[in-house]
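Residue-level structural notes
Residues per chain, in single letters:
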Amino acid sequence: EDQVTQSPEALRLQEGESSSLNCSYTVSGLRGLFWYRQDPGKGPEFLFTLYSAGEEKEKERLKATLTKKESFLHITAPKPEDSATYLCAVQAFSGGYNKLIFGAGTRLAVHP
Amino acid sequence: ETGVTQSPTHLIKTRGQQVTLRCSSQSGHNTVSWYQQALGQGPQFIFQYYREEENGRGNFPPRFSGLQFPNYSSELNVNALELDDSALYLCASSSRGNWAQETQYFGPGTRLLVL
């Protein structure tokens, strides 16, 4: 069964304290791993897509990496505005269409 | 470029009622997917529409139904509302073609409360 597990569930950081979020997955026929940021009560905002093991993507203080079994979202020197829930999703192909399977997310709080 | 829009933003219904949620896809996108997100959980796939037909469904009962229109906008209909239907309903649009390009972009969501 296709599954995505994110850890930790919640993370509290001091401003400038770097850390990493983990996303482990099992999926038959990976067609992409996605990272989204979601602010409370809002829709997910697209951050990155990774397609193959060894691939890396960067955007400002965020860097996403991918292996065959998991992905990491590294946050370097975070600021309070980075506080949000970060969602990981895998794109699975089944029955002629692509669907996203999400993890439960990691709630990040960055304090000044 | 216009992003994904959804209406209404909030909705309160009572158990047993019916509800219709609306979504306008991003310019240039031809595929719409709907998700349900309970509080503290990740979004769960409901179904996907392409060329005005449902071509994929998650583990949701038939009282969840939808439509896609020629302009690629979409509706989600839920009949016989239950308390557990209270959630954030998200619409995502994408462009069917090269599977590597099928990034889904989400709207702001509709918050549904069933009393």
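First, a word on scope: everything that follows refers to the structure included in this document. These numbers come from a predicted model, not from an experiment. (Residues numbered from 1 in each chain as written. Chains lettered and ligands numbered in written order. Predicted model: local features only at pLDDT ≥ 70, side-chain atom pairs only at ≥ 80, totals over all residues. Heavy atoms only, no water.)

1. Regarding the interface of chain B and chain A
The partner chain A presents 22 residues to the 25 residues of chain B that form the contact. There are 0 salt bridges connecting chain B and chain A. Where the side of chain B that touches chain A is concerned, the elements lending two or more residues are strand 4 (31-37), strand 5 (44-50), strand 6 (53-57), strand 9 (87-94) and strand 10 (105-106) of chain B. A total of 3 residues in the side of chain B that touches chain A trace back to one element, the largest contributor, which is strand 6 of chain B. A per-class count over the side of chain B that touches chain A returns 10 nonpolar, 11 polar and 4 charged. (Contact = heavy atoms within 4.5 Å. Salt bridge = Lys/Arg side-chain N within 4 Å of Asp/Glu carboxyl O. Helix = DSSP H or I, 4+ residues; strand = E, 2+ residues; numbered from the N terminus. Nonpolar A, V, L, I, M, F, W, Y, C, P; charged D, E, K, R; others polar.)

2. A short note on the sheet that holds strand 1 (residues 5-7) of chain B
Strands pair in a sheet through their backbones, by hydrogen bonds, and they do so in one of two ways: parallel or antiparallel. Residue and element names in this part refer to chain B. Sheet architecture is open: 4 strands sit in the order 1-3-8-7, paired in antiparallel fashion. Across the chains shown, the open sheet's two edge strands, defined by having one partner strand only, are strand 1 and strand 7 (64-68). Strand-to-strand twist across the sheet, computed as the mean angle between neighbouring axes with direction ignored, equals 20°. In this structure, strand 7 lies alongside strand 8 (residues 74-78), joined through 5 bridges in antiparallel fashion. Bridge pairing links Gln68 to Ser74 in strand 8. (Pairing = 2+ DSSP bridges. Axes fitted to C-alpha atoms, helices over the stretch in contact; angles between N-to-C directions.)

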